[in-house]
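Topology and contacts: notes
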Amino acid sequence: MSVDIRNVSKSFRSTLAVDDASLALEEGSFVSIVGPSGCGKSTLLRLVAGLIRPSSGTIDVRGVPVKGPLRNIGMVFQSPVLLPWRRTLDNILFVAEMGGLKTSQWRERALELMQLAGLGGFEASYPHELSGGMQQRASICRAMLLKPPLILMDEPFGALDVITRERMGYALQTLWDESRSTVLFVTHSITEAVLLSDTVVVMTPRPGRIRDIVPIDLPRPRHPGTLREPRFLELSERVREGIEAQWME
Amino acid sequence: MSESMSKRLAAIAKPLACFAVLVLIWQYGAPLAGIPSYVLPLPTEIAQRFIETFSVQMQGLAMTAFTTLAGLGLALVVGVLLALLIIYVPLLGSMITPLLAAFNSIPKIAIAPLFVIWFGLGYESKVLLAFLLALFPIFVNSVTGLGEIEADLIDLSTLAGGNRWRIFVKVRLMNAVPYIADAVKVAFPLALVGSIVGEFIGGNSGIGHIILSGQFNLDTPLVFATLLSITLFTTLGIGAVSLFENAFLTWRPSQRRR
Ligand SMILES: Nc1ncnc2c1ncn2[C@@H]1O[C@H](COP(=O)(O)OP(=O)(O)O)[C@@H](O)[C@H]1O
Ligand SMILES: [Mg+2]
């Protein structure tokens, strides 16, 4: 869904976590936020979700001001936060139960998503029987199950090794392609941000400010070859400049 | 499958063999050492006394089991409710928790005679004592199990449309089950102590009463035979919790097959 962030600031006591951020997300777009830790990325995500209120400014989702927690959006964190007592399929169906929906009607879709994410055959496994990458893919499937209009991801691949991480990116692209939810994706990785996004937002810390907004016009679907395209390198360079500029100050 | 079966058999057989050796040493060593029967009766004497008094033993056990389980059940209900109160009403929690901790530091055994004054020599004072001894571990573990949920998980559940009730049932309660199972393993023997101490102090029924009469008549084999009955009961109780864990908590780290 479309998200409109206008002049939003958020301070925690004396810390100004987000300073006058303005950002518009188009319906169905994939937007990444990159920036060093402590620059207010998670805070911005929590503001959009309605989990915390801005100190000033407004956030509209589909034209409606956010007043409290949104009730139909997907969320992925750095850790998979799966329920250890549920088998993988039931973990994915968990959000249907939270939404008060009949799980039987979402089973089929959950199984499809698991196939797409390469989790076929692990429906009856407990989370501790899966690798870290598989757990995180399960948590992405869970976020996508109800076809939420908006999915927020806070460094979802931050805890994974580099090789797994790259493969996860393509897996995410496949899953997103199927649902076309609006995604707000937080990452430390410039490569990951450029590879996956329609728009990359560069943030700088203390106070957390939006420094640059870079539209990514690379054709989809993106693949390992994309990483070697001149346009990809050009765009990555621009994002890098936004991040490095602050070091000079 | 057969491998795990034989492993499990070995796990039972080893301590059993050790126990058998100890019993043999006892049986044949005690007479050699000249220990009289009223101090340490022979295993065979104990077994004989156990069989002779079997129906009395079982009657006593039924009474003690009733007060123990009633106290434990009551402690479960009250402990979980108190924990809920503390989690959902933090202000009340900050008022109640220190009081409970202070109360817990009083040795309950020391106030047992008071319960006899208040509730008489019937089963009520025993249930109350069992309840008080079992309450604290159940309360503490319930607070942990119901309360220590990752904030991310609560956020995720809320954003998926979860309300307080659904989050309580599907997240908090489920998270608390293994903690409460652990608490029961501790609270069950404690409740039993409560019941037996209650029986020592007054009344004329239960395992505690049989032990007292054994002491009164210098019938040491009877005392030992009664201990055997108690062991029977505690083994059954702990076994029931283990069965529950094997059936429902296979996902726990401690239950995972290696
Ligand atoms: N609940 C909070 N209370 C106080 N300070 C906070 C809170 N959440 C975040 N902050 C502060 O706000 C700043 C931005 O935090 P965060 O949004 O988590 O950054 P990021 O996700 O980019 O690493 C940090 O300086 C952090 O210490
Ligand atoms: Mg963060």
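Residues numbered from 1 in each chain as written. Chains lettered and ligands numbered in written order. Predicted model: local features only at pLDDT ≥ 70, side-chain atom pairs only at ≥ 80, totals over all residues. Heavy atoms only, no water.

Naming follows an unreviewed UniProt entry, where chain B appears as ABC transporter permease of Ancylobacter mangrovi. What the UniProt record of chain B gives under Subcellular location (unreviewed entry) is the line "Cell membrane". Under Sequence similarities (unreviewed entry), UniProt gives the following word-for-word description of chain B: "Belongs to the binding-protein-dependent transport system permease family." (UniProt positions renumbered as here; feature names shortened; annotations may be inferred.)

Naming follows an unreviewed UniProt entry, where chain A appears as ABC transporter ATP-binding protein of Ancylobacter mangrovi. Its UniProt record, at the heading Sequence similarities (unreviewed entry), says of chain A: "Belongs to the ABC transporter superfamily."

**Considerations on the UniProt feature "domain: ABC transmembrane type-1" (unreviewed entry) in chain B**
Listed under "domain: ABC transmembrane type-1" (unreviewed entry) in the UniProt record, and renumbered for this structure, are residues 61-245 of chain B. From the first C-alpha to the last, residues 61-245 of chain B spans 25 Å; its make-up is 88% helix and 0% strand. (Helix = DSSP H or I, 4+ residues; strand = E, 2+ residues; numbered from the N terminus.)

**Points about the nonpolar core**
Formed by 79 residues in total, the largest nonpolar core has its most connected members in Ile140, Met144, Leu145, Leu152, Met153 and Leu172 of chain A. In terms of residue count, the dominant contributor to this core is helix α2 (residues 88-98) of chain A (seven residues). Once you skip the residues sitting within four places of it in the chain, Leu145 of chain A turns out to touch Ile92, Leu93, Val95, Ala96, Trp106, Arg109, Ala110 and Leu113 of chain A. In this structure, Leu72, Ala134, Ala183 and Ile230 of chain B belong to the second largest nonpolar core, which totals 41 residues. (Core = buried A, V, L, I, M, F, W, Y, C linked by side-chain atoms within 4.5 Å. Buried < 20%, exposed > 50% of the residue type's maximum accessible area, 1.4 Å probe, protein only. Contact = heavy atoms within 4.5 Å.)

**Here we look at the domain arrangement of chain A**
Residue and element names in this part refer to chain A. Taken domain by domain, chain A comprises domain 1 (3-72 + 150-248) and domain 2 (83-147). Together domain 1 and domain 2 conceal approximately 1,100 Å² of surface at their shared face, both sides included; 77% is due to carbon and sulfur atoms. On the domain 1 side of the contact with domain 2, Met168, Leu175 and Glu178 bury the most area, a combined 44% of that side's loss. Put simply, domain 1 and domain 2 have one salt bridge between them. One salt bridge in this structure joins Arg109 and Glu178, with 2.8 Å as the shortest N-O distance. The interface formed by domain 1 and domain 2 holds two residue pairs in polar contact (both at pLDDT 80 or more) in total. Elements supplying a minimum of two residues to the side of domain 1 that touches domain 2: β7 (150-154) and α5 (162-179). Broken down by element, the residue count for the side of domain 1 that touches domain 2 peaks at nine residues, all from α5. In terms of residue class, the side of domain 1 that touches domain 2 is made up of 10 nonpolar, four polar and one charged. (Domains from an automatic or database assignment. Buried area = accessible area lost by both parts, 1.4 Å probe. Salt bridge = Lys/Arg side-chain N within 4 Å of Asp/Glu carboxyl O. Polar contact = N/O pair within 3.5 Å; in protein donor to acceptor, adjacent residues only side chain to side chain. Nonpolar A, V, L, I, M, F, W, Y, C, P; charged D, E, K, R; others polar.)

**Some details on the pattern of salt bridges**
In this structure the tally under the stated criterion is 20 salt bridges over all chains. With a shortest N-O distance of 2.7 Å, Arg231 of chain A and Glu234 of chain A are connected by a salt bridge. Taken together, the residues Arg231 of chain A and Glu234 of chain A, both in helix α7 (residues 230-248) and three residues apart, mark about one turn of the helix. Given the relative accessible area of 49%, Glu234 of chain A is considered partly exposed. Here Lys185 of chain B and Asp182 of chain B are joined by a salt bridge, their closest N and O atoms 3.9 Å apart. Highlighted residues: Lys185 of chain B and Asp182 of chain B, both in helix α8 (residues 164-201), separated by three residues, approximately one helical turn. Through salt bridges with shared partners, a single network forms among Asp182, Lys185, Glu245 and Arg252 of chain B.

**Considering the side chain of Lys10 of chain A**
Here Lys10 of chain A lies in strand β1 (residues 3-12). Notably, Lys10 of chain A is buried but unbridged: the nearest opposite-charge side chain belongs to Asp155 of chain B, and the N-O separation is 13 Å. (Lys, Arg positive; Asp, Glu negative; His and termini not counted.)

**A word on the packing of helix α7 (residues 151-159) of chain B against α8 of chain B**
Packed helices, taken two at a time, are described by the angle their axes make and the gap between the axes. Residue and element names in this part refer to chain B. Look at α7 against α8: their axes get within 11 Å of each other, and the N-to-C directions meet at 145°. As for how α7 packs across α8, the hand of that crossing is right-handed. Of the residues in α8, those touching α7 at Leu153, Ile154, Ser157 and Thr158 are Ile167, Val171 and Arg172. Residues belonging to the contact of α7 with α8 are distributed by class as follows: four nonpolar, two polar and one charged. (Axes fitted to C-alpha atoms, helices over the stretch in contact; angles between N-to-C directions. Left-handed = near helix turned anticlockwise from the far one by under 90°.)

**Focus: the pairing of β7 of chain A**
All names here are of chain A. By the criterion of burial, β7 is predominantly enclosed, with five of the five residues buried. Side chains Leu150, Leu152 and Asp154 of β7 all project onto a buried face; the interleaved residues Ile151 and Met153 project onto the opposite face, where all are buried too. Pairing geometry for β7 and strand β8 (residues 182-187), over five bridges, is parallel. Counterpart to Leu150 in the pairing with β8 is Thr182. Traced from β7 through α5 to β8, the parallel crossover comes out right-handed. (Pairing = 2+ DSSP bridges. Right-handed = clockwise from strand over helix to strand, strands pointing away.)

**As for unusual backbone geometry**
Residue and element names in this part refer to chain A. Cis geometry is found at the peptide bond from Arg220 to Pro221, where omega equals -5°. Examined against the element boundaries, Pro221 turns out to sit in the loop between β10 (209-215) and α7. The phi angle at Asn7 is positive, at roughly 50°, despite the residue not being glycine. Mapping Asn7 onto the fold places it in strand β1. A residue is classified by how much of its surface remains accessible, and Asn7, at 42% relative accessible area, is partly exposed.

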